[in-house]
Amino acid sequence: MNKLIIFSIVLMILFSFGCTQTTTTATDINLGDNFNPAPNHPLQTYTVSIKNFTFSPATLTINQGDTIIWTNEDSMDHTVKSIAKQYTALNSDPLHNGQTYSQTFNMPETIDYICSIHPSMKGKVIVQ
Ligand SMILES: [Cu+2]
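Residue numbers restart at each chain and count upward from 1, following the sequence in its written direction. This being a predicted model, a pLDDT of at least 70 is required before a residue's local features are given, and a value of 80 or more before pairs of side-chain atoms are given or counted; all residues contribute to the totals for chains, interfaces and linings.

1. Here we look at the pairing of strand β1 (residues 45–51)
The side chains of a regular strand alternate between both faces of the sheet.
Line of reasoning, step 1. Two elements, β1 and strand β4 (residues 67–72), share six bridges in a ladder whose sense is parallel. When the bridges of β4 are listed, threonine 47 appears paired with isoleucine 69.
Line of reasoning, step 2. Any two strands between which DSSP finds at least two bridges are classified as paired. Numbering of helices and strands runs from the N terminus, with a helix taken as a DSSP run of H or I at least four residues long and a strand as a DSSP run of E at least two residues long. Of the strand pairs in this sheet, β1 and strand β2 (residues 54–56) are connected by three bridges, and their pairing is antiparallel. Paired with lysine 51 across the bridge in β2 is threonine 54.
Line of reasoning, step 3. Connecting β1 to the next strand, β2, in antiparallel fashion are two residues, including asparagine 52 with a positive phi near 50°.

Structure representation (structure tokens):
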């Protein structure tokens, strides 16, 4: 008899969780600072071209989990290096013509970066 009651309670709890999840989005629940909700959008890959000593687009706003691929389209070598220490460090080797550098971003942050060979080349990634 006791087992039946416990089983019924477990079923009720499971059922109520099921209902909660269908009617409440993750952002409505405060689960603490360590909770990283699964992205509610498809993960995307963006491309930034490095051409004529310019990152294009110079500023890119993406979502957590997205990836950026930089491609050097100049005959001159370029790098992708974050200026300040951030959670996600951008730190490419010198990219020759046609070479790529990719990075996935998993934290909300703003990263200013440059080409360390030509520091006047500036770019920014905003992860939201
Ligand atoms: Cu450069």
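Next comes the rest of the description.
2. Side note on the pairing of strand β8 (residues 122–127)
Line of reasoning, step 1. Partly exposed residues are those falling between the two cut-offs: more than 12 but fewer than 20 other C-beta atoms within 10 Å of their own, whereas 20 or more means buried and 12 or fewer means exposed, with C-beta atoms placed from the backbone. Covered by surrounding structure in β8 are Gly123, Val125 and Val127 only, the residues Lys122, Lys124 and Ile126 on the alternate face being uncovered.
Line of reasoning, step 2. Two strands pair when backbone bridges link them, and strand β3 (residues 59–62) and β8 are joined in this way by four bridges, in the parallel orientation. Each residue of the ladder has a partner; that of threonine 61, found in β8, is isoleucine 126.
Line of reasoning, step 3. Both strand β7 (residues 109–114) and β8 contribute to a ladder of six bridges, which runs antiparallel. Paired with aspartate 112 across the bridge in β8 is lysine 124.

3. Section: the environment of glutamate 73
Line of reasoning, step 1. By secondary structure assignment, the location of glutamate 73 is in the loop between β4 and β5 (81–82).
Line of reasoning, step 2. Here the alpha-carbon distance between glutamate 73 and threonine 100, two residues 27 residues apart in the chain, equals 9.4 Å.
Line of reasoning, step 3. Residues are scored as being in contact if the C-beta atoms we place from backbone atoms lie within 7 Å. Once residues within four sequence positions are removed from consideration, glutamate 73 is found in contact with Ser49, Ile50 and Lys51.

4. What to know about unusual backbone geometry
Line of reasoning, step 1. A cis amide bond links serine 56 with the next residue in sequence, proline 57, at an omega value of 0°.
Line of reasoning, step 2. Position of proline 57 among the secondary structure elements: in the loop between β2 and β3.
Line of reasoning, step 3. Positive phi outside glycine occurs at phenylalanine 53, with the angle close to 60°.
Line of reasoning, step 4. In this fold, phenylalanine 53 is placed in the loop between β1 and β2.

5. Remarks on the sheet that holds β3
Line of reasoning, step 1. Read from one edge of the open sheet, four strands run β3-β8-β7-β5, paired in mixed fashion. Only two strands of the sheet have a single partner each, and these edge strands are β3 and β5.
Line of reasoning, step 2. Across two bridges, the pairing between β5 and β7 is antiparallel. Its bridge partner being in β7, lysine 81 is matched across the sheet by isoleucine 114.

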